[in-house]
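Secondary and tertiary structure notes
Letter by letter, the chains look like this.
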Amino acid sequence: MTQQERGSVCLLLSEADIYSLMCAGFMMGKTTGWDVPPGKARLWHSSIPAVRVFSGIQPTGIPHLGNYLGALESWVALQENYSSILYSIVDLHSITVPQDPAQLRKNTLDVTASLLACGIDPSRVILFQQSQVSEHAELCWILGCLTSMPRLQHLPQWKMKSKQKNEGSVGLYTYPVLQAADILLYRSTHVPVGEDQVQHLELAQDTARIFNNQYGEFFPEPQALLSSMRKVKSLRDPTSKMSKSDSQKLATVHVTDSPEDIVLKFRKAVTDFTSEVTYDPERRPGVSNLVAIHAAVTGLSVEAVVEQAHGLDTARYKQVVADTVVHKLTPIRDQIQKLRADVGYLETVLAHGASRARELAAPVLRQVQKLVGFC
């Protein structure tokens, strides 16, 4: 059966069925490093691939080591496993907090360069800027009319961010609905997420169910692809995750840091007074963070890197981890610098991606408009 012939078949599949077909080579869909939770059977239209992956990243500039190990490296791996993937630079989400327009434009290009340098291939995935596909905002309005205010109030991001600001904008309040629209607009079946994002994916699932119950079966309920990667912690406060906004400059390793800066940051990393290298996140968070980073960068297990570190004190081990990170990030840093110098190429990649995304989004939105009675 050709790929075109496969596309003409309506499928009623459980997640178990999907895996069976994946293993039989019916479609691309290995899941190395990811866990797909079982879900209910879903019916979707023949023109939609049986598996479609969607994910987004905010344009906050150059990624740090935690972004790379926690998300971007996995995004690259997914290209080998799935035939239909969309990665969006979600600039509509970014303006829920004040943005300098010039800096936002620069950040968008920097993120694009970083994604390409890390290995995202725009010939294999659709890489695009969210704001350039207006269907996202249009579907968000429709879905927002199906979403209750109490449902949004219970989401942790609203509670946390509105408390920090003592108030919050309408955009901040409703941006989980926009997240749901981002996913459902392409009738996505799977979304790579971190554990802290599962509740927002649950809103997308709920929204799909509500829409389907009211207007007929249309949207698949997207399932989570949970990364097994442990969160990278701050090098200065290993009880907190690594962050671009950390006021301590030595706390965060950026993928464009020089080898000298990387070595300095790991040398100054907070550990404890025990010299032996062990993995115990509860009692030894600092050393355990180094072990987790070492394991993630090398692709080895935690147990393997601890065994390799036998006989090293923490000072020498910091140098080992730093050297490993330098080796990993140097080619990425060099490629980012080359890409940032070619703004025209980056803009072309985004324009082409937006065009491809609109080709998928427009017919879905038209069908939604018909279902709700707009036309």
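How each quantity is defined
Residues numbered from 1 in each chain as written. Predicted model: local features only at pLDDT ≥ 70, side-chain atom pairs only at ≥ 80, totals over all residues. Heavy atoms only, no water. Helix = DSSP H or I, 4+ residues; strand = E, 2+ residues; numbered from the N terminus. Buried < 20%, exposed > 50% of the residue type's maximum accessible area, 1.4 Å probe, protein only. Contact = heavy atoms within 4.5 Å. Axes fitted to C-alpha atoms, helices over the stretch in contact; angles between N-to-C directions. Parallel < 35°, antiparallel > 145°, perpendicular 65-115°, else oblique. Left-handed = near helix turned anticlockwise from the far one by under 90°. Nonpolar A, V, L, I, M, F, W, Y, C, P; charged D, E, K, R; others polar. Salt bridge = Lys/Arg side-chain N within 4 Å of Asp/Glu carboxyl O. pLDDT = per-residue confidence, 0-100.

What follows concerns the overall build of the chain. On a plain count of helices and strands, the chain comes out with 15 helices and eight strands. Across the 375 residues of the chain, 47% fall into the buried class. The long-range fraction of contacts in the chain, counting pairs at least 24 apart against all pairs at least 6 apart in sequence, stands at 76%.

Running from amino to carboxyl end, helix 3 (residues 65-78) crosses helix 12 (residues 285-298) at an angle of 45°, the nearest separation of the two axes being 11 Å. In terms of axis orientation, helix 3 runs oblique to helix 12. Considering the relative orientation of helix 3 and helix 12, their crossing is left-handed. Here Leu65, Leu69 and Glu73 of helix 3 come into contact with helix 12, specifically with Ile293, Ala296 and Val297.

Another aspect to go through is the side chain of Ser288. Looking at the element boundaries, Ser288 is found in helix 12. Not counting the four nearest positions on each side in its chain, Ser288 is found in contact with Thr278, Tyr279, Asp280 and Pro281.

A word on the packing of helix 11 (residues 259-267) against helix 14 (residues 314-340). Orientation of helix 11 relative to helix 14, taken along the N-to-C sense of each, is 150°, at an axis distance of 9 Å. What the angle tells us is that helix 11 and helix 14 run roughly antiparallel. Where helix 11 crosses over helix 14, the handedness of that crossing is right-handed. Of helix 14, the residues touching helix 11 (which contributes Pro259, Ile262, Val263, Phe266 and Arg267) are Lys318, Gln319, Val321, Ala322, Val325, Val326, Leu329, Thr330 and Arg333. Its residues assigned to classes, the contact of helix 11 with helix 14 shows nine nonpolar, two polar and three charged.

If you walk through the whole model with that rule in mind, you get 11 salt bridges. Of the charged contacts in the structure, one is a salt bridge between Arg209 and Glu221, with a shortest N-O distance of 2.6 Å. Pair noted here: Arg209 is in helix 10 (residues 198-215) and Glu221 is in the loop between helix 10 and strand 8 (223-227), with a separation of 12 residues, a long-range link. Lys265 is the salt-bridge partner of Asp257, the closest N and O atoms lying 2.7 Å from each other.

Our focus in this paragraph is the confidence of the model for the chain. Per-residue confidence for the chain gives a mean pLDDT of 86, with 83% of residues at or over 70. Low pLDDT (under 50) marks residues 1-46, which in the prediction has 83 contacts with non-local residues, meaning those over four places away or in another chain.

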